[in-house]
Amino acid sequence: SISCAFRDHANKIYIGAAVSPTYFSDATYQSLAGAQFNFLTPENEMKIDATEPSQGQFNYAQADELVQFAQTNNMKVRGHTLVWHSQVPSWMQSLTGTALEEAMKNHISNVMGRYKGGIYAWDVVNEVFNEDGTLRDSIWTQAMQSGFIATAFQAAREADPNAKLYINDYNIEGVNAKSTGLYNLVQELKTQGVPIDGVGFQAHFTAGSVPTDLQTNLQRFADLGVDVAITELDIGGAGQEAQQATDYATVIQDCLAVSRCVGVTIWGIMDKYSWRASTNPLPFDDNGNAKAAATAIEGALQ
Ligand code: G3I
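Residues numbered from 1 in each chain as written. Predicted model: local features only at pLDDT ≥ 70, side-chain atom pairs only at ≥ 80, totals over all residues. Heavy atoms only, no water.

A. Quick look at the state of the cysteines. For the structure shown, the criterion picks out one disulfide. Linked covalently through their sulfurs, Cys255 and Cys261 form a disulfide whose S-S length is 2.1 Å. On the S-S bond that ties Cys255 to Cys261, the torsion sits near -100 degrees, and the link is left-handed. Judged by relative accessible area, which is 0%, Cys255 ranks as buried. A residue is classified by how much of its surface remains accessible, and Cys261, at 3% relative accessible area, is buried. (Disulfide = S-S within 2.5 Å. Buried < 20%, exposed > 50% of the residue type's maximum accessible area, 1.4 Å probe, protein only.)

Okay, structure coming up:
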């Protein structure tokens, strides 16, 4: 078991969790969220379908609840996410061309405006790459080609100049075709003066599969002049708790080894509430007891 809270050891990097008020009725979950972590990402509550279910009609009830929870518990917030191909409400899916561009800008300015000054970082664009390193075809590319990315970052900087602006993706943790496509994009955006501050590496792993070049890859992005962060870490490991624990420690050590790696966020807290619950991917079990992974995280942080 762990002797105290992750957050007490998080002196060099932050340690966060994806949190949802859906599970706040479970007192164990709620107390682990506030006691263990010093950063929070809303798991679903700041996505487009949650915040703007109909055009121009914004719903902030659940996002507000999480931001309030974070303030009460002295946690910072990563906003997630403003432009994504998934969880797009049907009204938005039916827009094209400049109408979609205007809706995107309006969405960014409204949502970021609501929390202006109160959010540490935003995932401005999420999961825009294919596995081969080309841009994913979506309503966004259909309306604006690759230009939607720069437009989104510019709108985001205007909406909240103090928030760190991130691009976020999965399967980009090692050096591969997808991460190299992203690397080339970030380099191009920086050259063009587009306001991008960071790259988020989701890190949805399986025990035994953490890329051995994770640190090297984080460092090559940092060398472009951006912050990097592990944003959605979970490690499928049913029946492999020791390997899972080793892997959690490895990811934290790799972040600590890169001076521009600002923090690690775990995509959930207790196994049973995970989006991939059957793989037991999280540091706390279904009853909220610390697993070997929790001990390893605590050890790696100090
Ligand atoms: O809230 C409704 C509920 O009213 C309804 O009865 C129920 C029936 O299916 O669905 C509920 O919504 C679900 C929501 O999670 C809340 O539980 C959605 O169907 C479901 O699609 C949604 O899944 C989320 C998924 O993103 C899609 O948005 C997961 O919780 C969330 O963990 C996952 O997170 C993503 C990141 O945002 C981006 N990176 C990958 C990561 C894992 O897929």
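B. Quick peek at the packing of helix α9 (residues 177-191) against helix α10 (residues 214-222). The geometry of α9 relative to α10 is characterised by a closest axis approach of 10 Å and an angle of 15 degrees between their N-to-C directions. The angle between the axes of α9 and α10 places the two elements in the roughly parallel class. In the packing of α9 onto α10, the handedness of the crossing is right-handed. Facing α9, whose interface residues are Ser179, Thr180, Leu182, Tyr183 and Val186, α10 presents Asn217, Arg220 and Phe221. Residue composition of the contact of α9 with α10, grouped by class: four nonpolar, three polar and one charged. (Axes fitted to C-alpha atoms, helices over the stretch in contact; angles between N-to-C directions. Helix = DSSP H or I, 4+ residues; strand = E, 2+ residues; numbered from the N terminus. Parallel < 35°, antiparallel > 145°, perpendicular 65-115°, else oblique. Left-handed = near helix turned anticlockwise from the far one by under 90°. Contact = heavy atoms within 4.5 Å. Nonpolar A, V, L, I, M, F, W, Y, C, P; charged D, E, K, R; others polar.)

C. Local environment of the site of the ligand. The ligand sits among 13 residues. The nearest are Glu43, Lys47, His80, Glu127 and Glu232. Note that an oxygen atom of the ligand is positioned 3.0 Å from one of the side-chain N or O atoms of Asn44. One nitrogen or oxygen atom from the side chain of His80 is found 2.7 Å from an oxygen atom belonging to the ligand. Look at the ligand: alone it shows 790 Å² of surface, and the protein chains cover 49% of it. Looking at the shell around the ligand residue by residue, the class counts come to three nonpolar, six polar and four charged. (Near = heavy atom within 4 Å. Polar contact = N/O pair within 3.5 Å; in protein donor to acceptor, adjacent residues only side chain to side chain. Areas by Shrake-Rupley, 256 points an atom, 1.4 Å probe, with all protein chains shown as cover.)

D. Structural view of unusual backbone geometry. Cis geometry is adopted by the peptide bond preceding Thr81, which originates at His80 and carries an omega value of 0 degrees. Relative to the helices and strands, Thr81 resides in strand β3 (residues 76-83). Despite not being glycine, Asn280 has its phi angle at roughly 45 degrees, a positive value. Given the relative accessible area of 28%, Asn280 is considered partly exposed.

E. Region of interest: the environment of Val186. Position of Val186 among the secondary structure elements: in helix α9. On a C-alpha basis, the gap between Val186 and Ile172 in space is 13 Å, while along the polypeptide they are 14 residues apart. Apart from residues lying up to four places away in sequence, Val186 is in contact with Ile167, Ile196, Val199, Phe221, Leu224 and Val226.

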